[in-house]
Amino acid sequence: MVFARSVTRLSRPASTLLSTRATPLARRSSLGGGKVLLVLYDGHEHAREVPELLGTTENELGIRKWIEEQGHELVTTSDKEGENSTFDKHLVDAEVIITTPFHPGYLTAERLAKAKKLKIAVTAGIGSDHVDLDAANKTNGGITVAEVTGSNVVSVAEHVIMTILVLVRNFVPAHEQVASGGWNVAAVAKGEYDLEGKVVGTVAVGRIGERVLRRLRAFDCKELLYFDYQPLKPETEKEIGCRRVEKLEDMLAQCDVVTINCPLHEKTKGLFNKELISKMKKGSWLVNTARGAIVVKEDVAEALKSGHLRGYGGDVWFPQPAPKEHPLRSATNTMGGGNAMVPHMSGTSLDAQKRYAEGTKAILDSYFSGRFDYNAQDLIVKDGDYATKAYGERNKLQGGAI
């Protein structure tokens, strides 16, 4: 049954940049309409100029009309911090919560305890570490947590390769030099190297890590290594030309470049601390497009300052958005370079946004219709238990640190 609804814009102070949109409560459909709470980042004029910016509060994954036609209420906001946030006000009676890794609405145990009507939490993208999954398994008899697996793996893998090249070729200081009117080849060439002949290793070799290794083949690296709790198939290793290392410390000691591609959970939070970074090859580069909390930001900054790390780059921070005083915004190596950090953008290219918007709609359709025929790979927790090796089952596997 279809209901026409007008859109009500909730009033907000002129000083804030937060975006909140909602439709008023109205009649429910015969199936029973519920509240859908959508947390996205503000696009402002950019979202108006480019409608393909689906991951913005203005464009709402392109699903507002579809949700309303089915008799559900949609509340969209970027205001997600603190007890008085729009996110907190509406989660108490939301049946569905959708958020993204790029502007995450953190579903802590405390917040989940208030979400008395919540049935499903969807990540528009990949990575559900912003949800307390243990608490989710106990909330309202066990809520479903799902994400759009595979939606942006290509986008992130490409970003990893770009970041490696930006660091190894010392691109950022060179560009900044010419942009400021300078010309001093020696000043930037002294920190520039070739990727060919280097040893590169990935921490975890899932959908993204494997794609990174495949793309690195073309650069004639000396060796491609990986660390993971389970090996690739022998034929896959042969095809890629990579080798598994049993211990993480052993792999780090061999690598000129290390890229982090593992999920964030209790065993990887703060994994790259001062002690582990000290095991890395002196003068190596570290790339992180996984999650900001996997590294200890102060320890990374200090390793750059001391010269133990030649560079650090990626697009993930903790918390997000990163505060202005976050040390990795300005950390540099001994030559004043070595920083290739950007906002969390690797998995939110326009192509990726289309994929994760479509995937989110498919998950919601499965839920609203009552079919519950989700793609198995999209499920993180369901029916009060874990549904994926990346989180719940990893402890059952050999060497389950990653």
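What counts and what doesn't
Residues numbered from 1 in each chain as written. Predicted model: local features only at pLDDT ≥ 70, side-chain atom pairs only at ≥ 80, totals over all residues. Heavy atoms only, no water. Patch = residues over 30% accessible without salt bridge, like charges linked within 9 Å, V, L, I, M, F, W, Y side chains within 5 Å. Areas by Shrake-Rupley, 256 points an atom, 1.4 Å probe, with all protein chains shown as cover. Salt bridge = Lys/Arg side-chain N within 4 Å of Asp/Glu carboxyl O. Helix = DSSP H or I, 4+ residues; strand = E, 2+ residues; numbered from the N terminus. Buried < 20%, exposed > 50% of the residue type's maximum accessible area, 1.4 Å probe, protein only. UniProt positions renumbered as here; feature names shortened; annotations may be inferred. Contact = heavy atoms within 4.5 Å. Axes fitted to C-alpha atoms, helices over the stretch in contact; angles between N-to-C directions. Parallel < 35°, antiparallel > 145°, perpendicular 65-115°, else oblique. Left-handed = near helix turned anticlockwise from the far one by under 90°. Nonpolar A, V, L, I, M, F, W, Y, C, P; charged D, E, K, R; others polar.

Colleague: Looking at this structure, how should I read a nonpolar patch on the surface?
Modeller: There is a patch of nonpolar side chains on the surface, built from Val178, Trp183 and Val185 and spanning about 380 Å² of accessible area. Summarising the element assignment, Val178 is placed in helix 7 (residues 171-179). According to the relative accessible area criterion, Val178 is partly exposed, its value standing at 43%.

Colleague: Just checking my understanding: could you explain the UniProt feature "site: Important for catalytic activity" (unreviewed entry) in the chain for this structure?
Modeller: In the numbering used here, UniProt assigns the feature "site: Important for catalytic activity" (unreviewed entry) to Arg291 and His344. Across 54 residues in sequence, these annotated residues keep their C-alpha atoms within 9.6 Å of one another, forming a single compact spot. Here Arg291 shows up in the loop between strand 12 (284-288) and helix 13 (297-306). Among the residues examined, Arg291 registers a relative accessible area of 12% and is labelled buried. Leave out the neighbours within four places in its chain, and Arg291 touches Pro101, Ile126, Gly127, Asp129, Leu264, Val316 and His344. In this structure, His344 sits in the loop between strand 14 (339-341) and helix 14 (350-368). Aside from chain neighbours lying at most four places away, what touches His344 is Pro101, Phe102, Arg291, Asp315, Val316, Trp317 and Gln320.

Colleague: Which parts of the structure should I look at to understand unusual backbone geometry?
Modeller: The general pattern is negative phi for most residues beyond glycine and trans for most peptide bonds. Put simply, Phe318 and Pro319 share a cis peptide bond, and its omega is -5°. Mapping Pro319 onto the fold places it in the loop between strand 13 (309-314) and strand 14. Residues Gln320 and Pro321 are joined by a peptide bond in cis, for which omega reads -5°. Considering the arrangement of structural elements, one finds Pro321 in the loop between strand 13 and strand 14. At Leu61, a position not held by glycine, the phi torsion is positive, near 60°. Relative to the elements of secondary structure, Leu61 occurs in the loop between helix 1 (44-49) and helix 2 (64-69). Here Asp383, not a glycine, exhibits a phi torsion of approximately 55°, which is positive. Structurally, Asp383 is set in the loop between strand 15 (379-382) and strand 16 (385-386).

Colleague: Looking at this structure, how should I read the pattern of salt bridges?
Modeller: Opposite charge on two side chains lets them pair, provided their charged atoms get close. Going through the model one piece at a time under the given rule, you end up with 18 salt bridges. For Arg111, the salt bridge is made with Asp88, and the minimal N-O distance between the two is 2.6 Å. Within this pair, whereas Arg111 is found in helix 4 (residues 109-114), its partner Asp88 is found in helix 3 (residues 86-91), the two being separated by 23 residues in sequence. For the residue pair Arg111 and Asp88, the accessibility class agrees, reading buried in each case. Several salt bridges share partner residues, and in doing so they unite Glu60, Arg64 and Glu68 into one network.

Colleague: Teacher, can you tell me more about the packing of helix 6 (residues 153-168) against helix 9 (residues 207-216) here?
Modeller: Relative placement of two packed helices is described by the angle separating their axes and the distance separating the axes. Between helix 6 and helix 9, the least distance of the axes is 9 Å, while the angle of their chain directions is 50°. Taken together, the axis directions place helix 6 and helix 9 in an arrangement best described as oblique. In the crossing of helix 6 with helix 9, the sense of the turn from one axis to the other is right-handed. Contacts between helix 6 and helix 9 involve Val153, Val154, Val156, Ala157, Glu158, Val160, Ile161 and Ile164 from the former and Arg207, Ile208, Arg211, Val212, Arg215 and Leu216 from the latter. Looking at the contact of helix 6 with helix 9, its residues break down into 10 nonpolar, no polar and four charged.

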